[in-house]
Amino acid sequence: MAERTDTTLPIATARQVRAVILELLRRHRGRSAAVAALFLAASALGLVMPACLGGIVDAVSSGAAVPDIAGWVAGVAAGAIGAAGVALWGTRVLTGLVQDALASLREDVFSSAMRLPVSTVDDGESADLLSRVTGDVDAVAEAGGNVVPTLLSAAFAVAVSVAALTALDPWLALAGIASVPFYLLGTRAFLRRSRVVFREVRVREAARSQAVIDAVDSAETLTALNEQDHALERVRHRAEDSIRMQIEGVRLRNRLFRWINGGEAVGLVTILATGFALHATATISVGMVTTAALVFHRLFDPIGQLIFALDDIQRATIGLARLVGVIDLARSAPAAGSTGALSSEQAGSLPPRAGNAGIDLLDVSFRYPTTGRGVLGVTLRVEPGTTTALVGTSGSGKSTLARVIAGHHPPSAGSLSVGHGTEHPYYISQELHQFRGSVTDNMRLAAPDATADQIAQALGAVGADWAVSEGMLDGTALVGSDPAPNEGRIQQLAVARALLADPDLVILDEATADVGLRHRPAVEAAILRLRRNRTTVLIAHRLEQASTAEQIVVFADGRATQRGTHDGLLTTPGTYRTFWFAQQGFGPAPLDPPTEQTETP
């Protein structure tokens, strides 16, 4: 059975995309009109060259004097220079217009992504949103900077050239139409299939990225469980799916090229034959036939550009539809902070800790509506002032449960009691957040009224004395500093902010996952200091962190399969024991049973 790689975030309809484009153009009406006028003028000036070349043919045929021929040559030069100059002017105006419109679009997309509720982003693969705010934005930006000027220039050139052929002789215009069926059939076949193909390319690229992210983030766990081959196979399978779809896109383009070349050949031959017949009846001159052939030949490049640009246009359209989908979703979704969850930057509003509070879950379930992932029937008690570690493989449900406790996701079933009803957990994730300003500015994000002494004490408590000794408390901005703070220092500041906020409940969601081995001991020591006398939920891939907890809960497929202390679980055959022996490099756990054990009381 094929692995599902469908996107979980919505994709806007063509109508919604058109509405966004029209709104962007309405914001710049004046420049939009100027661009249209300049490209129309450039296309009209582009007809001067073939008209003058036709005049030269007639002049030579009739034995005209050299000055007359020289006048036509001067006209060729003037037309070429004028068309190039006006086209350059129009391109510059258009480039400014497109970049301003893209800047507005990028701001809308990123602000919308930041407003999405955590549950919406978590419902599926995180690489979907990541691919939208990176790859799709790049595809739209590339089309806007390169394709749009070509598209407008080609569209005006085609319209003006058709009008010129009709003015020369309607039969010549009709002769040129012989190429249209080739263009239409080829383009229709391309459009019918390419939209599906290029959409699948973007979806499969996102799925491939997700597989890579999962493999890298869970490398230690996968190695310990000897499942790295399975993860690599998943990456390989998704990469091959992506490559196959990209190859299909190349095949579509090659078929389109054949249709275009056929249309060009048929159209030019038909015009020359028609011109020969008209000249034989003395209807038009040789120079006019020459002009008509050159005007039609002039269409080769713009028509080719129009059709060849369909490739980039399709990718940009799909990318734009995915971006507009994020914007529309953010408009209809509740505010990201409306669930009651408290981010690490908001936690400074908490009252001083008056006493420890526990966490109670009774038969709690939560499922993401699209993917069906989540947790099922979890009953758990976290005693006040203790640490409970949640462990398991990626996708087992441990991080989902932590977010339910944090208030990011409301339980779909069961009951949840956190503290005395007024406390909010302080949540620290694995992502590294480096904010602008000095160390003091960073610290006061969590506690705006903190004094300099309180900040220094919090930094010292987590081992971040370097901020004081290196004079970084005030004046030195962390963002853009040289040298930039390493990941260990950034996460030490995050733990120090939590300590300064002094919350009663703390959730640590793999807080050292993005910290390198060199800096990890300092961050782990800071986390141990933060956990002291606080109710803590610790999510960990590395069991050395979990081993210091008073309670350890092992998750698999959204359920708690084992629980107990570190020593107790080591004496009980099951996942934790197997995992521990593998992580410590001792090989398989002795006397492990061949089947999975159920939950241990």
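What comes next is a walk through the structure.

### A short note on the overall build of the chain
Within the chain one finds 20 helices and 9 strands. Per-residue burial for the chain yields a buried fraction of 45% across its 601 residues. By sequence separation, contacts in the chain at least 24 residues apart represent 78% of the contacts at least 6 residues apart.

### Quick look at the sheet that holds strand E9 (residues 559–564)
If you walk across this open sheet you meet the 6 strands as E5-E6-E7-E3-E8-E9, and the pairing is mixed. Whereas interior strands pair on both sides, the edge strands pair on one side only; in this sheet they are strand E5 (426–428) and E9. Going from strand to strand, the sheet's axes swing by 15° on average, the running direction of each strand aside. Looking at chain direction, strand E6 (residues 505–509) and strand E7 (residues 535–539) are connected through 5 bridges and run parallel. Opposite Leu505, over in E7, you have Thr535 as the bridge partner. On the sheet, helix H20 (residues 575–583) packs against strand E3 (387–391), strand E8 (551–556) and E9 and is oriented at approximately 100° with respect to E8.

### Some points on helix H3 (residues 48–61)
Over its 14 residues, H3 runs 20 Å from end to end, which matches the ideal 20 Å to within 8%, given 1.5 Å per residue. Regarding H3, the residues found buried are Pro50, Cys52, Gly54, Gly55, Ile56 and Ala59.

### Considerations on the pattern of salt bridges
Scanning all chains against the criterion turns up 13 salt bridges. In this structure, Arg204 engages Asp241 in a salt bridge whose closest nitrogen and oxygen atoms are separated by 3.9 Å. Of this pair, Arg204 sits in helix H8 (residues 180–217) while Asp241 sits in helix H10 (residues 228–280), and the two are 37 residues apart along the sequence. Using a relative accessible area of 12% as the deciding quantity, one classes Asp241 as buried. Linked by salt bridges that have partners in common, Glu200, Arg204, Asp241 and Arg244 make up one network.

### What to know about the layout of surface pockets
There is about 740 Å³ of room inside the second largest pocket. Ile21, Leu25, Val98, Gly144 and Val148 are, among the 26 residues lining the second largest pocket, the residues nearest its centre. Contributing elements (two or more residues each) for the lining of the second largest pocket: helix H1 (14–26), helix H2 (29–45), helix H4 (66–115), helix H6 (126–168) and helix H11 (286–332). Looking at which element gives the most residues to the lining of the second largest pocket, the answer is H6, with 8 residues. Partitioned by chemical class, the residues of the lining of the second largest pocket number 22 nonpolar, 4 polar and no charged.

### Considering unusual backbone geometry
One non-glycine residue, Asp502, adopts positive backbone phi at about 55°. You can see Asp502 is positioned in the loop between helix H16 (487–501) and E6. Since its relative accessible area comes to 23%, Asp502 is described here as partly exposed. Notably, Asn533 is not glycine yet its phi reads approximately 60°, a positive angle. On the secondary structure map, Asn533 appears in the loop between helix H17 (520–531) and E7.

Procedures and definitions
Residues numbered from 1 in each chain as written. Predicted model: local features only at pLDDT ≥ 70, side-chain atom pairs only at ≥ 80, totals over all residues. Heavy atoms only, no water. Helix = DSSP H or I, 4+ residues; strand = E, 2+ residues; numbered from the N terminus. Buried < 20%, exposed > 50% of the residue type's maximum accessible area, 1.4 Å probe, protein only. Contact = heavy atoms within 4.5 Å. Pairing = 2+ DSSP bridges. Axes fitted to C-alpha atoms, helices over the stretch in contact; angles between N-to-C directions. Expected span 1.5 Å × (residues − 1). Salt bridge = Lys/Arg side-chain N within 4 Å of Asp/Glu carboxyl O. 1 Å grid on protein atoms, 1.4 Å probe; cavity = no way out; pocket = protein on both sides within 12 Å on 5 of 7 lines; lining within 4 Å. Points joined across faces, edges and corners; volume = space filled by probe spheres on them. Nonpolar A, V, L, I, M, F, W, Y, C, P; charged D, E, K, R; others polar.

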